[in-house]
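Summary of the model geometry
Listed below, chain by chain, are the residues.
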Amino acid sequence: MAGAEGATGGADAQGEREEKLREAQLLLRALLENLPISVARYDREGVFTFQDGKGLGAVGMKPGQLVGANVLELYRDHEEGLNDLRRGLAGEASHTVYEAHGAVFETWQVPVRDDGGEPDGLVTVTLDATASRQREIELQSKLALIDTQQKVIRDLSTPIIEVWDKVLTLPMVGVVDSLRISEVMDNLLTAVVNKDARYAILDLTGVDAVDTQTASYLIEMIKAIRLLGAEGIITGIRANVAQTMIALGLDLSGVTTVGNLRAGLKLCMRRMAAAGKAGEASSEPVK
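In this report, we go over the structure that sits alongside the text. (Residues numbered from 1 in each chain as written. Predicted model: local features only at pLDDT ≥ 70, side-chain atom pairs only at ≥ 80, totals over all residues. Heavy atoms only, no water.)

Comments concerning the side chain of D52
Along the chain, D52 turns up in strand β2 (residues 48-52). Residue D52 is classed as buried on the basis of its relative accessible area of 12%. Only 2.9 Å separates the side chain of D52 from the side chain of R29, close enough to count as a polar contact. Residues contacting D52, with those up to four places away along its chain left out, are R29, L32, I37, S38, V39 and P63. (Helix = DSSP H or I, 4+ residues; strand = E, 2+ residues; numbered from the N terminus. Buried < 20%, exposed > 50% of the residue type's maximum accessible area, 1.4 Å probe, protein only. Polar contact = N/O pair within 3.5 Å; in protein donor to acceptor, adjacent residues only side chain to side chain. Contact = heavy atoms within 4.5 Å.)

Section: the nonpolar core
M172, L188, V192, L202, V207, M221 and I225 are the most contacted members of the largest nonpolar core, which totals 29 residues. Those elements giving two or more residues to this core turn out to be β7 (167-176), α5 (178-194), β8 (199-210), α6 (212-227) and α7 (239-247). If we ignore the near neighbours within four places in the chain, the residues touching I225 are L188, L189, A200, L202, A230, E231 and G232. A40, F48, V71 and L89 belong to the second-largest nonpolar core, a separate cluster that totals 8 residues. (Core = buried A, V, L, I, M, F, W, Y, C linked by side-chain atoms within 4.5 Å.)

Notes on the packing of aromatic side chains
For the coordinates displayed, the defined rule picks out 2 aromatic pairs. A centroid spacing of 4.7 Å and a plane angle of 55° characterise the contact between Y42 and F48, whose relative ring orientation is tilted. (Phe/Tyr/Trp six-rings, centres within 6.5 Å; stacked < 30°, edge-to-face > 60°.)

A few points about the pairing of strand β5 (residues 119-128)
Two strands pair when backbone bridges link them, and strand β1 (residues 37-42) and β5 are joined in this way by 6 bridges, in the antiparallel orientation. Note on β5: the bridge partner recorded for I37 is L127. As paired strands, strand β4 (residues 103-113) and β5 are joined by 8 bridges and run antiparallel to one another. Bridged to Q109 within β5 is T124. Count of turn residues in the β4/β5 antiparallel hairpin: 5 residues, of which G117 carries a positive phi of about 85°. (Pairing = 2+ DSSP bridges.)

Some remarks on a nonpolar patch on the surface
On the surface, I161, V163, W164 and M269 cluster together to form a nonpolar patch covering roughly 350 Å² of accessible area. Sorting elements by how many residues they give to the nonpolar patch places strand β6 (residues 161-164) first, with 3 residues. Structurally, the position occupied by M269 is in helix α8 (residues 261-283). The exposure class assigned to M269 is partly exposed, which follows from its relative accessible area of 35%. (Patch = residues over 30% accessible without salt bridge, like charges linked within 9 Å, V, L, I, M, F, W, Y side chains within 5 Å. Areas by Shrake-Rupley, 256 points an atom, 1.4 Å probe, with all protein chains shown as cover. Salt bridge = Lys/Arg side-chain N within 4 Å of Asp/Glu carboxyl O.)

Okay, here's the thing in structure tokens:
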């Protein structure tokens, strides 16, 4: 009876192992036949013992075509790939992406070891990543286009215009946040230097709202313009924007403000005319 029970137990274990093997083969076959991958097995000398997978079609090969060939011989003219294979056969796992045959491939090298833990060949899994790489390139291209379009929109919404000799205006529209005002500040200060401007008018007539950080930036922008030897003038402050500045306790006593852009331009022309007359008077010879 004991012998019969042992035989039955052994048969059950054998059946379980066979079932697991069939399951593994089924899964492997499903992967090889439906995914753009190829799987190869090499012995410790680098000789193909298995080669299969749907991905082989991308390079014009058939399953098992290279079985019996030595991969080190096949790649003898490809130093980089040869080095990867040698490291894999020596027991070092790796993951590489490369281009070949007009396609992009991603390969995982998985070393195989014997019962004693010594290197006993290699398994490689190669994925045809051409389609995913193309999608990545297209996505990057679209993101770059979006960035360019956003920059154009920002530039159009905050154009720096030289309305008069040495007089710049910056008409701002919409909601002005901290990021936008920071970019505008850099562009305006650069324009003041490049144009040798004497006046820079910040027109807020079209600004619906500003956040607390932005209001502080506006004051800092006026100070920075002054450090460059020009004068900053703010025009067209709306009531709600003025309330925000007052609520923040910002000191506007040193900032020139007028009701609208027209008034700001007139102010600049009057001051430039006055400065010109003063210059002419100082240059006249003493009689």
